[in-house]
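Examination of the molecular architecture
Next come the chains, spelled out residue by residue.
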Amino acid sequence: MSYQNTIAFQGAKGAYSDLACRGMYPDMETLSCKTFDQAFQAVINDQAIYAMIPVDNTLAGRVADVHHLIPTSGLKIIGEYFLPIHHNLLGVKGTTLDQIKTVHSHIHAIPQCKKFIKKLGDVKTNVQVDTAGSAMNVAQMKDKSQAAIASKLAADIYGLEVLAEHIEDAEHNSTRFLVFSKQP
């Protein structure tokens, strides 16, 4: 994989940031990074030509973790991308909604789907680092009582079934991303 054809993002494969990368640069390879700083470092160290970084969400507000990294990164903002956020409930193939006992996802995704979660009845929620990471964990558990709130891309990547689509409470949910590069 050539760094000239690679865009870095924070999160596991299938994260909404991965979707933003694929939406803006469909012919590029995506590089999953554990932290925002690692995504910036991937560009600085020539592992990727760009980094796709979320800066704010219409419901959750600013992505605070990135705002202190931007001024010191030395990178240039070369573009922006707006991604509508459509949450889906993902589970092991063959799972029915009445089997779900725990829903896993990011700290912002769970409250963004609270009406749907309430309709599921007596289920627990479990906050995880990111949406796609929660999908990966549910796939590894292979337990029909576990589900994740994540993207359809995460379902495809981790072999999960979409149990319910567009489960977000607000239709206007979107995230604004900035694209960073060494060159202006």
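Above this text is the structure in question.
Described below are features of the structure shown in this document.

1. Focus: the sheet that holds strand 7 (residues 102-106)
Pairing is mixed across the open sheet formed by 5 strands, whose spatial order is 8-7-9-6-10. This sheet does not close on itself; its edge strands, each paired only once, are strand 8 (124-128) and strand 10 (161-164). Going across the sheet, the axis of each strand differs from the next one's by a mean of 35°, ignoring polarity. In terms of strand pairing, strand 7 meets strand 8 through 5 bridges, oriented parallel. From the neighbouring strand, Val-103 faces strand 8, where its bridge partner is Thr-125. Across the sheet, helix 7 (residues 131-141) is in contact with strand 6 (88-91), strand 7, strand 8 and strand 9 (146-150); its angle to strand 9 comes to roughly 155°.

2. Description of the environment of Gln-47
In this fold, Gln-47 is placed in the loop between helix 2 (36-44) and strand 3 (50-57). Separated by 39 residues in sequence, Gln-47 and Ala-8 place their C-alpha atoms 8.2 Å apart. The contact partners of Gln-47, leaving out residues within four places of it in the chain, are Tyr-3, Thr-6, Leu-31, Gln-41 and Ala-42.

3. Quick word on unusual backbone geometry
Even without glycine at this site, Lys-142 takes up a positive phi of about 55°. When you line up the elements, Lys-142 lands in the loop between helix 7 and strand 9. Looking at Lys-142, the relative accessible area reads 66%, which means it is exposed. We note that His-166 has phi near 50°; this positive angle belongs to a residue other than glycine.

4. Overview of the pairing of strand 7
The buried fraction of strand 7 is high, at 4 of 5 residues. Note that strand 7 and strand 9 share 3 bridges and pair parallel. Bridging across to strand 9, Thr-102 finds its partner in Gln-146.

5. Some words on the side chain of Asn-57
Among the secondary structure elements, Asn-57 is positioned in strand 3. Residue classification places Asn-57 among the buried positions, given a relative accessible area of 12%. Only 2.7 Å separates the side chain of Asn-57 from the backbone nitrogen of Leu-59, close enough to count as a polar contact. Of the polar contacts made by the side chain of Asn-57, one reaches the backbone oxygen of Ser-174; its length is 3.2 Å. The contacts of Asn-57, once residues within four sequence positions are left out, are Ile-85, Gln-112, Asn-173, Ser-174 and Thr-175.

6. Examining the side chain of Asn-88
Of note, Asn-88 is situated in strand 6. Among the polar contacts made by the side chain of Asn-88, one reaches the main-chain carbonyl oxygen of His-86 at a distance of 3.2 Å. Not counting chain neighbours up to four residues away, the residues in contact with Asn-88 comprise Tyr-16, Ala-148, Ile-149, Ala-150, Ser-151, Lys-152, Val-162, Ala-164, Glu-165, His-166 and Ile-167.

7. Examining the pattern of salt bridges
All told, the structure shown has 5 salt bridges when counted by the stated rule. Note that Asp-46 is salt-bridged to Lys-182, the shortest N-O span being 2.9 Å. Note that Asp-46 is positioned in the loop between helix 2 and strand 3 and Lys-182 in the segment after strand 11 (174-181), a separation of 136 residues in sequence. Among the residues examined, Asp-46 registers a relative accessible area of 36% and is labelled partly exposed. Owing to a relative accessible area of 33%, Lys-182 belongs among the partly exposed residues under this scheme. Shared partners join several salt bridges into a network, and the residues in it are Asp-56, Glu-80 and Arg-176.

8. Overview of the packing of aromatic side chains
Under the counting rule described, the total for this entry stands at 2 aromatic pairs. Between Phe-40 and Phe-180 the ring centres are 5.1 Å apart and the planes differ by 75°, which places this aromatic pair in the edge-to-face class. A residue pair is termed long-range when its members are at least 10 positions apart, and Phe-40 in helix 2 and Phe-180 in strand 11 qualify at 140 residues.

Cut-offs applied
- Residues numbered from 1 in each chain as written.
- Predicted model: local features only at pLDDT ≥ 70, side-chain atom pairs only at ≥ 80, totals over all residues.
- Heavy atoms only, no water.
- Pairing = 2+ DSSP bridges.
- Helix = DSSP H or I, 4+ residues; strand = E, 2+ residues; numbered from the N terminus.
- Axes fitted to C-alpha atoms, helices over the stretch in contact; angles between N-to-C directions.
- Contact = heavy atoms within 4.5 Å.
- Buried < 20%, exposed > 50% of the residue type's maximum accessible area, 1.4 Å probe, protein only.
- Polar contact = N/O pair within 3.5 Å; in protein donor to acceptor, adjacent residues only side chain to side chain.
- Salt bridge = Lys/Arg side-chain N within 4 Å of Asp/Glu carboxyl O.
- Phe/Tyr/Trp six-rings, centres within 6.5 Å; stacked < 30°, edge-to-face > 60°.

Scope: geometric values only; no functional claims are made or implied.
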